[in-house]
Amino acid sequence: MTAMLTRILTVVATVLLAAPAWALQQPPPPKGEFVPIEQLPPGDQLPSAPLLVAAYAFVWLAVMVYLWTIWRRLNKVEAEMHALEHRRAGSGR
Amino acid sequence: MKRVFLPVLAVAAAMFAFAPIYIANAPFEASMGLVSKIFYFHVPSWFAMFAAIFISGISSAIYLFKGRAWADRLGVAGAEVAVLFGSMGLVTGPLWGRKSWGVWWPWDARVTIALLLELTFIAYLLVRKFGGPGSEKLAAALSIFGMFNVPFLYMSVNIWRTIHPPTTVIPTLPSGMPGPFWLSVAAFLTLCALLLTLRSGLEHQRAALDALYLEDE
């Protein structure tokens, strides 16, 4: 029991003695909050060109796909109209 | 309408052919470099979306309160074109943001309201497609609601703290940038007008087909 108490007191005393030294230790220099992109390591730098090309390509692709869907829907409606007119002409209306 | 359509199409084609050359020769933004050129497509796509939303919202109000069929056709055309231009803004924005801010999507007020606006008009189209009889009026109300969100989206960068630049950026663009920018805006608005004409033409044809079916019965 006495040995256990001695060990605990030793640990507490060590912590108490070390604490001021620990607290007074100089903090590590803070990491810069802003690092210019040119100073980043090459692995962290994102190339601009693929992002720019992807953005422009998406805009063009979206317009083309949308035009194609309008054209397809318009063709479908017109085909249906022609079929209906033929049916009506056939039945003599 | 057909007499106006072809010259406008020619003008739009010329603007879109010339814009890349003009944009390529525009000066680079100092801190962002090459990727800042997304600006010339990103911002005009939002302008075109706003135009389509106002056309859809005003037409929807006319349809709701006056019952005009042409207004409903223009309302649905505006909503669909708004979704198209909104998707351009929502895709090109993160591609620019990833390089400039280091994140794809910052969840600030501007991007969140933009996403909600896009979802509002997707909801409009879904209600019209799957809502059954009477869904036109419900969708029209949704379009008016969406239209009133546009000023919040535009002013969000001035009201809340976001990483987007404020609205004062465009009037204070450095020399060499306003020319290509306003050319892009004009090209996008012309494209928006052309797509609206085509899309409302499709609705007109559908209405004619419905009338034929009704006559046939």
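Figured I'd write up the structure that's included with this text. Since the structure is predicted, the reported quantities are computational estimates derived from the model, not experimental observations.

1. Remarks on the packing of helix α3 (residues 69-100) of chain B against helix α4 (residues 109-130) of chain B
The geometry of a pair of packed helices is captured by two quantities: the angle between their axes and the separation between those axes.
All names here are of chain B.
Part 1 of the reasoning: Look at α3 against α4: their axes get within 9 Å of each other, and the N-to-C directions meet at 145 degrees. With respect to the hand of their crossing, α3 and α4 are arranged in left-handed fashion. When α3 is examined against α4, the residues Val-76, Ala-79, Glu-80, Ala-82, Val-83, Gly-86, Ser-87, Gly-89, Leu-90 and Gly-93 are found in contact with a partner set consisting of Val-111, Ala-114, Leu-115, Leu-117, Glu-118, Phe-121, Ile-122, Tyr-124, Leu-125 and Arg-128.
Part 2 of the reasoning: Along the lines of polarity and charge, the residues of the contact of α3 with α4 split into 13 nonpolar, four polar and three charged.

2. Describing the packing of helix α2 (residues 39-66) of chain B against helix α7 (residues 178-216) of chain B
All names here are of chain B.
Part 1 of the reasoning: For the pair α2 and α7, the least separation of the axes is 8 Å and the interaxial angle reads 40 degrees. The crossing of α2 and α7 is right-handed. Here Tyr-40, Phe-41, Pro-44, Ser-45, Phe-47, Ala-48, Ala-51, Ala-52 and Ile-55 of α2 come into contact with α7, specifically with Pro-180, Phe-181, Ser-184, Val-185, Phe-188, Leu-189, Leu-191, Cys-192 and Leu-196.
Part 2 of the reasoning: For the contact of α2 with α7, a count of residues per class yields 16 nonpolar, two polar and no charged.

3. Focus on helix α2 (residues 48-90) of chain A
Part 1 of the reasoning: Given a rise of 1.5 Å per residue, 43 residues ought to cover 63 Å, and the 63 Å separating the end C-alpha atoms of α2 of chain A matches this to within 8%.
Part 2 of the reasoning: Among the residues making up α2 of chain A, those that are buried are Ser-48, Leu-51, Leu-52, Ala-55 and Val-59 of chain A.
Part 3 of the reasoning: Each element contacted by the buried residues of α2 of chain A is listed here: α2 and α3 of chain B.

Rules and cut-offs
Residues numbered from 1 in each chain as written. Chains lettered and ligands numbered in written order. Predicted model: local features only at pLDDT ≥ 70, side-chain atom pairs only at ≥ 80, totals over all residues. Axes fitted to C-alpha atoms, helices over the stretch in contact; angles between N-to-C directions. Helix = DSSP H or I, 4+ residues; strand = E, 2+ residues; numbered from the N terminus. Left-handed = near helix turned anticlockwise from the far one by under 90°. Contact = placed C-beta atoms within 7 Å. Nonpolar A, V, L, I, M, F, W, Y, C, P; charged D, E, K, R; others polar. Expected span 1.5 Å × (residues − 1). Buried ≥ 20, exposed ≤ 12 C-beta atoms within 10 Å, placed from the backbone.

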